Amino acid sequence: MIGENRKLTESRIAEIARRHFADYDAHRPGLIFADAAFTLTLAEAFEVQRQVAALRAARGEAVAGYKIGCVSEAVQQQLGLRQPAFGHLFATELYRSGAALDAAAFDALAIEGEFAVRINVDLSVTSVFPVIELHNNVFRRAVPTSQELIANNALHAGVVLPSREIPCPDAAELIRQTLSIFLNGELLGTATGGAIPGGPLSSLAKVAGHLASAGGTLQPGQIVLTG
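Residues numbered from 1 in each chain as written. Predicted model: local features only at pLDDT ≥ 70, side-chain atom pairs only at ≥ 80, totals over all residues. Heavy atoms only, no water.

Caption draft 1: Region of interest: helix 2 (residues 42-58). Across its 17 residues, helix 2 extends 24 Å between first and last C-alpha, which sits within 8% of the 24 Å expected from 1.5 Å per residue. Along helix 2, the residues classified as buried are Glu 44, Ala 45, Phe 46, Val 48, Gln 49, Gln 51, Val 52, Ala 53 and Arg 56. Among the structural elements, helix 1 (10-25), strand 2 (85-90), helix 4 (146-151) and helix 6 (200-213) are those in contact with the buried residues of helix 2. Once helix 2 ends, the next one or two residues include Gly 60, with phi positive near 105°. (Helix = DSSP H or I, 4+ residues; strand = E, 2+ residues; numbered from the N terminus. Expected span 1.5 Å × (residues − 1). Buried < 20%, exposed > 50% of the residue type's maximum accessible area, 1.4 Å probe, protein only. Contact = heavy atoms within 4.5 Å.)

Caption draft 2: Structural detail: the pattern of salt bridges. Under the defined criterion, the tally for this structure stands at 12 salt bridges. Across the salt bridge formed by Arg 12 and Glu 15, the nearest N and O atoms sit 3.0 Å from each other. A residue pair is termed a helical-turn pair when its members lie 3 or 4 positions apart in one helix, as Arg 12 and Glu 15 do in helix 1 at 3 residues. For Arg 12, a relative accessible area of 24% translates into the label partly exposed. (Salt bridge = Lys/Arg side-chain N within 4 Å of Asp/Glu carboxyl O.)

Caption draft 3: Helix 6, seen in detail. Here helix 6 is 14 residues long and its end C-alpha atoms lie 20 Å apart, about the 20 Å a rise of 1.5 Å per residue gives. Regarding helix 6, the residues found buried are Pro 200, Ser 203, Leu 204, Val 207 and Leu 211. Burial along helix 6 is one-sided: seen end-on, the buried residues are contained in an arc of 105°. Facing away from the buried surface of helix 6 by more than 90 degrees, the exposed residues are Ala 212 and Ser 213. (Arc of directions from axis to C-beta.)

Caption draft 4: Examining the side chain of Asp 107 more closely. With respect to the helices, strands and loops of the structure, Asp 107 is situated in the loop between strand 3 (94-96) and strand 4 (109-119). Exposure remark for Asp 107: the relative accessible area of 11% places this residue in the buried category. Within polar-contact distance, the side chain of Asp 107 engages the side chain of Arg 140 at 2.8 Å. (Polar contact = N/O pair within 3.5 Å; in protein donor to acceptor, adjacent residues only side chain to side chain.)

Caption draft 5: Molecular detail of the nonpolar core. Ranked by internal contacts, the top residues of the largest apolar core, which has 36 residues, are Leu 40, Val 207 and Leu 218. Every element with two or more residues in this core is listed here: helix 1, helix 2, strand 1 (63-69), strand 2, strand 4, strand 5 (125-136), helix 4 and helix 6. Those residues in contact with Leu 40 that lie beyond four places of it in its chain are Leu 8, Ile 16, Phe 33, Ala 45, Val 48, Gln 147 and Ala 151. Leu 89, Ala 116, Phe 129 and Leu 161 belong to the second largest nonpolar core, which has 9 residues in total. (Core = buried A, V, L, I, M, F, W, Y, C linked by side-chain atoms within 4.5 Å.)

Caption draft 6: Inspection of the pairing of strand 6 (residues 156-161) at higher detail. For strand 6, the tally of buried residues reaches 6 of 6 residues, placing the bulk of the element in the interior. Alignment of strand 3 against strand 6, held across 3 bridges, turns out to be parallel. Counted as the bridge partner of Leu 94 is Val 159 from strand 6. For strand 5 and strand 6, the ladder comprises 4 bridges, and the chain directions are antiparallel. Bridge assignment links Ile 132 to a residue of strand 6, and that residue is Val 160. (Pairing = 2+ DSSP bridges.)

Caption draft 7: Region of the structure containing the packing of helix 1 against helix 2. The contact between helix 1 and helix 2 brings their axes to 9 Å, and the two run at 60°. In terms of orientation, helix 1 and helix 2 fall into the oblique class. For the pair helix 1 and helix 2, the crossing hand works out as right-handed. Facing helix 1, whose interface residues are Ile 13, Ala 14, Ile 16, Ala 17, Arg 18, His 20, Phe 21 and Tyr 24, helix 2 presents Glu 44, Glu 47, Val 48, Gln 51, Val 52, Leu 55 and Arg 56. Within the contact of helix 1 with helix 2, the residues separate by chemical class into 9 nonpolar, 2 polar and 4 charged. (Axes fitted to C-alpha atoms, helices over the stretch in contact; angles between N-to-C directions. Parallel < 35°, antiparallel > 145°, perpendicular 65-115°, else oblique. Left-handed = near helix turned anticlockwise from the far one by under 90°. Nonpolar A, V, L, I, M, F, W, Y, C, P; charged D, E, K, R; others polar.)

Caption draft 8: Highlighting the environment of Ser 146. Positionally, Ser 146 belongs in helix 4. For the pair formed by Ser 146 and Thr 126, sequence separation is 20 residues and the distance between their alpha carbons is 32 Å. Beyond its immediate sequence surroundings of up to four residues, Ser 146 is in contact with Leu 42, Leu 79, Gly 80 and Leu 81. Of note is the side chain of Ser 146, whose polar atom sits 3.2 Å from the side chain of Gln 147.

Structure (structure tokens):
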């Protein structure tokens, strides 16, 4: 049993990461959280996510960018967070518009419309574009926790990219940009960039700050999902 106030050893975190890695490959992410006695601190959950990302990179899956989620205070409070959630994107899970996806390759597949930005060589934004983020929309606990969300890479399972990307408008125009999601011609929802607290560029700055706190940085060509 793992108590909430008990600090895990490095070897135990590595063991958890390897199990997470295997469960994700089996399209059954986060099975370890089905054990009600299993707990992680938020810092440990981020370390599990980082180590799983390292395992994926070691087998040739390039990190294609990052995502930010839970950007609203209401959602953060719901999950006991004091900051947004962050996750990794992988080149093996980038799809172009028109791609056919196999639902069996996901666990409770869900979608979310997002504004994404691409990073330029000088780490400015070169383009902004709508994407469909793919989720493994599953929590093993009866009550979702921030630790499960973070350890499971913020539920991220892939991105459907548009056929073209557009040059980045100025911040004011970006906030006014509209994003709509349709399913078989039926409008499911519409929002603007202003629905993101501070706008998409504020989310980008938070992702950069999160990476910097762990000694990392955004790389040219990478994509950031802004929430």
